[in-house]
Amino acid sequence: MTLTRRRENETDRQLRLLVGLVVVLAACVTVGALWTGWAQARPRSGDDAITALMLTLLIALGTLVKARIRIRSTTHLISWNETAIVLGVAVAPTSWVVLCTGIGVALASLRLPAIKLLFGVSKNIIVAAGAGGALAFLHWGSTSDLPRMVAVLAGAYLVAAVLDDVLAIPVIALASGTQISRQFRSNLDLRLGGFAVRFVVAACTLIILRADPRLLLAMPPLVLSLHLAYSTRIRTRTEQQAWQRLARTTDALNVVDLDDVLTTAVTQAAELFSADEVEVELRDRSRSVRGANGTITYDGPAGEPSTVDGSVIPSRLEGHDGTADVGMLRLRFRGPVQLSEREQYTLRTFASALCTAVRNAQAYAELARVADEHAHAATHDALTGLANRRDLLERGTEQIAERHAEGVTALVLIDLNHFKEVNDTLGHAAGDQVLMQVADRLRAAACPDDLVARLGGDEFAVLLRGLPAPAVAAHRAEALLGALHEPLDVDGMRISVEASGGIAAAPASGGMPELLRRADVAMYQAKRAGQRISTYAPGRDTADLGRLTLGGELPRAVADHEFTVNFQPIVDLGTGEVTGAEALARWHHPTHGIIDPLRFLDAVERSGLLPAFAEAILDQALIAVGSWRAAGFDLPVSVNVSPRSLLDARFPGAVLARLRAHDLPPDRLVLELTETLTLSQLDVVDRVLSRLRESGVRLALDDFGTGYSSLSLLSRIPVHELKIDRSFVTAMESSAEAAAVIRSTLDLGRSLDLAVVAEGVESEPQRRALWELGCAAGQGHLFARPLPAGSLLAALQRGSGGRPGALVPPLHDTGAVIRLSTGRRQPGRNRATGLPHLPA
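These numbers come from a predicted model, not from an experiment. (Residues numbered from 1 in each chain as written. Predicted model: local features only at pLDDT ≥ 70, side-chain atom pairs only at ≥ 80, totals over all residues. Heavy atoms only, no water.)

## Remarks on the overall build of the protein
Looking only at helices and strands, one finds 28 helices and 25 strands in the protein. Counting only contacts in the protein whose residues sit at least 6 apart along the sequence, the fraction spanning at least 24 positions is 68%. In the form shown here, the protein has an accessible surface area of approximately 40200 Å², with 57% of it arising from carbon and sulfur atoms. (Helix = DSSP H or I, 4+ residues; strand = E, 2+ residues; numbered from the N terminus. Contact = heavy atoms within 4.5 Å. Areas by Shrake-Rupley, 256 points an atom, 1.4 Å probe, with all protein chains shown as cover.)

What follows is the structure in structure tokens.
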């Protein structure tokens, strides 16, 4: 027997016990009336008999005139019989009224089930005895003064009303599954008002009887009017409460978790429609959820029979237009139930709201599933299942931030020697087997807290966490490389693998990218020295020494305008036309010549010269845009923004001031943001980014896929454009992982209506492959290396194939018929970016 069935049986047992107690008490009262009161005051004349008959008919009529309220499959009735009973005990002996009450209520309730008939008769007999006892206690017979008579009658009526509630409310609460206190408070104001009205009617009736019995002819219309008004108020209050419950219920459905939607729907609908059980069955009978009394009684495959037998009222879960059928809603009642017109409309409204909530929850679940798949693909190597470069950078950054509490963090970079010979001799399939076996051995040799990653090709990395001292890293690296000493078995052949390793401890500044660079420096030191393992030595890192030297020369470089800007064009991959350009800063050093920004940008950010440097670069970029516009080439320019600039509340004002100074519309400027914006910084940069976007400046997310971005990060940063990092473009022809990241980025761009630009396009096969995947635009050495503004303008004016503004021939001749795969879009302009949409 199920828990629900046991609970129902327990409720039925308690109901029978409670009704039985009332019946026994009423039987005792009746026997007392027959053996004591009836012997002393039995009818002795025809007038007495007529009085007893009239009392019986009056009580029967008071029982029949009712206001109806449905609770689940049971209709509860509010009657006038206590008014008739109080009038009876006021004009006749209590023993008469007790017997007449039993007979009258029984006659009026013959159609009811036996248990309801017994309870109704017994309850009213007890009410009659209580009212009569109250009148006797207050000396009703000796009262002739009108105010005292009304007061005594009021006392008797109060006793009758209290007894009626005390006997009826526990039974109703038990039947409806609600608390007695809550049932008592329900519609308390209406009950008190009803009691007051009916008492006034009883008092007026007695006063009229004393004054002139003929005036009683005016009472039936008055009583009928009062009854209709009271019934109307009850109905209005019930409907108002139903609409309020409907509003609360539909509002509670506004959640994105499907389990929460179904639980809320089932538990709230049971109360809303006063049903014994509510069931929601999803389409294709994939799932069914049932519940009652605020609890879930079943959640599993559809088809399991319900424990509630009786009438079922179904309603399809569909929209107002009849579309998007997602399942079925069923209301179950233990007895026959006919919904009112208002309840039917409420049911349709609730079903429509539930349909919308289920569709939203299902769509959110599907989006979360796809996001999880994309997130996993973006952070794991498809061949080996190890973490990839992106995951290594992200988790390494987190680890370095906590290094003060968890010991030393170090990185071991491992590169396989002569791996190209394996691919060339045995083929790529054998090479893949070698990589997978190397990954398995490194994973087995690493400690549980270590992170093993494949960075691409034959390069692996192991992030060592929680080391007690930096020297321990060398011993751990020896163990990792030692795991590769034994030959590998590839298709029956035993292949020996040699590897070189570089070790670096986490630096005091520079974060995970600097740690990776140092490990790379150490690894190549090992290769050059013919050693298996080398530890990073700052004294042999010429790049690091150079940075220290350059840092001291920055103030002079800013003052002497040694920083210049070159521009790399962004090209429509299909037509070869230039659609924009990216500004790239260069340092024209008087001694060292042109210095790449990777060597001085960190020093600029730390020096306090960032605002002056950023303004100089932005000015040069906007001057170039103005010269191109004057020549007829209205191109936007992309400028990289340091994350530190976004922490400055004055930055948007400075950008907009430079745009006004050069008389350029804001949408001609694209600010490229790096993915190194951490979630903790987002609250700070939100206001800066929002002001820039609201002013018309376009935003792009640079190097997408290599940093720490996620769907939640992308939803917070209101960008217009994504830029695929060049590392993925370079590896897309040989790496399934890189191709998957590019495809996922393009899918994400289409879903969010964002432009996508591929960086590092260096060959026609790469250009064509990107175009066929649906990438609209790209930049790279295939089209042009970074050029000064004047050189780029000259190239635009020369054009390609007689087409000014184009740098390379189009992929297809004008008028050519292009066969596109299913689901790809025809070329068209992107409304947000001005870049063309191409097939997906």
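The rest of the description comes next.
## Comments concerning the sheet that holds strand 10 (residues 459–467)
Hydrogen bonds between backbone groups are what pair the strands of a sheet, and the pairing can be parallel or antiparallel. The strand order across the open sheet built from five strands is 9-10-8-13-14, with neighbouring strands paired in mixed fashion. With one partner strand each, in any of the chains shown, strand 9 (451–456) and strand 14 (533–535) form the two edges of the open sheet. Pairwise comparison of adjacent strand axes, ignoring direction, gives a mean angle of 20° for this sheet. Both strand 8 (residues 408–417) and strand 10 contribute to a ladder of seven bridges, which runs antiparallel. Bridging from a neighbouring strand, leucine 411 pairs with leucine 463 of strand 10. Helix 12 (residues 389–401) contacts strand 8, strand 9 and strand 10 of the sheet and is inclined by roughly 15° relative to strand 10. (Pairing = 2+ DSSP bridges. Axes fitted to C-alpha atoms, helices over the stretch in contact; angles between N-to-C directions.)

## Brief notes about the side chain of glutamine 779
Following the sequence through the fold, glutamine 779 ends up in strand 23 (residues 777–779). In this structure glutamine 779 comes out as buried when scored by relative accessible area, which is 1%. Those residues within four positions of glutamine 779 in sequence are excluded, and the remaining contacts are Gln568, Pro569, Ile570, Glu582, Lys723, Val757, Ala758, Glu759, Gly760 and Val761. (Buried < 20%, exposed > 50% of the residue type's maximum accessible area, 1.4 Å probe, protein only.)

## Describing helix 10 (residues 258–272)
Between its first and last C-alpha, helix 10 extends 20 Å over 15 residues, near the 21 Å set by a 1.5 Å rise per residue. Those residues of helix 10 that fall on the buried side of the exposure criterion are Leu258, Val261, Leu262, Thr264, Ala265, Val266, Thr267, Ala269, Ala270 and Leu272. The N-cap of helix 10, judged by a side-chain oxygen 3.2 Å from the amide nitrogen of aspartate 259 a few residues on, is aspartate 257. Just downstream of helix 10 lies serine 274, where phi reads positive at about 50°. (Expected span 1.5 Å × (residues − 1). Polar contact = N/O pair within 3.5 Å; in protein donor to acceptor, adjacent residues only side chain to side chain.)

## With respect to the environment of serine 534
Relative to the elements of secondary structure, serine 534 occurs in strand 14. In this structure serine 534 comes out as buried when scored by relative accessible area, which is 5%.

## Some thoughts on the sheet that holds strand 6 (residues 311–317)
The strand order 5-4-3-7-6 describes an open sheet built from five strands, whose pairing is antiparallel. Two strands close off the open sheet at either side, each with one partner strand: strand 5 (295–300) and strand 6. With strand direction ignored, the average angle separating the axes of adjacent strands in the sheet is 15°. Taken together, the seven bridges between strand 6 and strand 7 (residues 327–333) define a ladder with antiparallel strand orientation.

## Section: the nonpolar core
Of all hydrophobic cores here, the largest spans 76 residues; its most connected members are Phe567, Trp628, Leu669, Leu671, Val719, Leu722 and Leu770. Here this core gets nine residues from one element, more than from any other, and that element is helix 21 (residues 610–630). Grouped together as the second largest cluster of nonpolar side chains are 40 residues, Ala90, Ala92, Ile125 and Phe199 included. (Core = buried A, V, L, I, M, F, W, Y, C linked by side-chain atoms within 4.5 Å.)

## A look at a nonpolar patch on the surface
The grouping of Ile50, Leu53, Met54 and Leu57 at the surface amounts to a nonpolar patch, some 410 Å² of accessible area in total. Summarising the element assignment, methionine 54 is placed in helix 2 (residues 46–64). (Patch = residues over 30% accessible without salt bridge, like charges linked within 9 Å, V, L, I, M, F, W, Y side chains within 5 Å. Salt bridge = Lys/Arg side-chain N within 4 Å of Asp/Glu carboxyl O.)

## Description of unusual backbone geometry
The backbone of aspartate 491 shows a phi angle near 50°, a positive value even though the residue is not glycine. The residue aspartate 491 is located in the loop between strand 11 (488–490) and strand 12 (493–495) in this model. In this structure aspartate 491 comes out as exposed when scored by relative accessible area, which is 59%.

## Considerations on the pairing of strand 19 (residues 669–673)
As a general feature of sheets, a regular strand has side chains that alternate between the two faces. With respect to burial, strand 19 is a largely interior element, five of its five residues being buried. Side chains of strand 19 alternate between two faces, with Leu669, Leu671 and Leu673 and Val670 and Glu672 buried alike. Both strand 18 (residues 637–640) and strand 19 contribute to a ladder of four bridges, which runs parallel. Residue pairing across strands places asparagine 640 opposite glutamate 672, the latter belonging to strand 19. Running through helix 22 (residues 651–661), the crossover from strand 18 to the neighbouring parallel element strand 19 is right-handed. (Right-handed = clockwise from strand over helix to strand, strands pointing away.)

## Description of the environment of leucine 331
Structurally, leucine 331 is set in strand 7. Taking the relative accessible area as the measure of exposure, leucine 331 reaches 0% and is therefore buried. Sequence separation between leucine 331 and valine 280 is 51 residues; the distance between their C-alpha atoms is 9.1 Å. Aside from chain neighbours lying at most four places away, what touches leucine 331 is Phe273, Ala275, Glu277, Val278, Ser311, Val312, Ile313 and Leu347.

## Let's talk about the environment of alanine 471
You can see alanine 471 is positioned in the loop between strand 10 and helix 16 (472–482). Separated by 64 residues in the primary sequence, alanine 471 and threonine 535 have C-alpha atoms spaced 9.6 Å apart.

## Re the confidence of the model for the protein
Overall, the predicted model of the protein reaches an average pLDDT of 79, with 79% of residues at or above 70. No element of the protein has a lower mean pLDDT than strand 25 (residues 836–837), at 32, and none a higher one than strand 23, at 96. Counting interchain partners and residues more than four positions distant, the pLDDT-below-50 stretch residues 70–76 has 36 contacts. Note that residues 819–840 has pLDDT below 50 and, in this model, 58 contacts with residues that lie over four places away or in other chains. (pLDDT = per-residue confidence, 0-100.)

## A word on the packing of helix 10 against helix 11 (residues 341–379)
Relative orientation of the contacting elements helix 10 and helix 11 amounts to 170°, with a least axis distance of 9 Å. Looking at the two axes, helix 10 sits roughly antiparallel to helix 11. On helix 11, the residues touching Leu258, Val261, Leu262, Ala265, Ala269 and Leu272 of helix 10 are Thr346, Phe350, Leu354, Ala357, Val358, Ala361 and Gln362. Looking at side-chain class alone, the contact of helix 10 with helix 11 contains 11 nonpolar, two polar and no charged residues. (Parallel < 35°, antiparallel > 145°, perpendicular 65-115°, else oblique. Nonpolar A, V, L, I, M, F, W, Y, C, P; charged D, E, K, R; others polar.)

## Here's the deal with the packing of aromatic side chains
For the structure on display, the rule yields three aromatic pairs. Ring geometry for phenylalanine 563 against tryptophan 587: centres 5.2 Å apart, planes inclined by 40°, an arrangement best described as tilted. Here phenylalanine 563 is found in strand 15 (residues 563–572), whereas its partner tryptophan 587 is found in strand 16 (residues 578–589), with 24 residues between them in sequence. On the basis of an interplanar angle of 85° and a centroid distance of 5.0 Å, the ring pair of phenylalanine 563 and phenylalanine 613 is categorised as edge-to-face. (Phe/Tyr/Trp six-rings, centres within 6.5 Å; stacked < 30°, edge-to-face > 60°.)

## A few points about the pattern of salt bridges
Per the stated rule, a full pass over the model turns up 30 salt bridges. Between arginine 287 and aspartate 299 there is a salt bridge, with its nearest N and O atoms 2.9 Å apart. Here arginine 287 is found in the loop between strand 3 (277–282) and strand 4 (288–292), whereas its partner aspartate 299 is found in strand 5, with 12 residues between them in sequence. Classification of aspartate 299 by relative accessible area gives partly exposed; the value is 45%. Across the pair arginine 532 and glutamate 478 runs a salt bridge whose closest N-O atoms are separated by 2.7 Å. Of this pair, arginine 532 sits in the loop between helix 17 (511–529) and strand 14 while glutamate 478 sits in helix 16, and the two are 54 residues apart along the sequence. Arginine 532 gets classed as partly exposed once you look at its relative accessible area, which sits at 37%. Glutamate 478 sits in the partly exposed class, given a relative accessible area of 38%. Each of Glu277, Glu279, Glu281, Arg290, Arg330 and Arg332 takes part in one network of salt bridges that share partners.

## Comments concerning the pairing of strand 20 (residues 698–704)
The buried fraction of strand 20 is high, at six of seven residues. Bridge analysis of strand 19 against strand 20 gives four bridges, and the strand direction is parallel. Counted as the bridge partner of leucine 671 is leucine 699 from strand 20.

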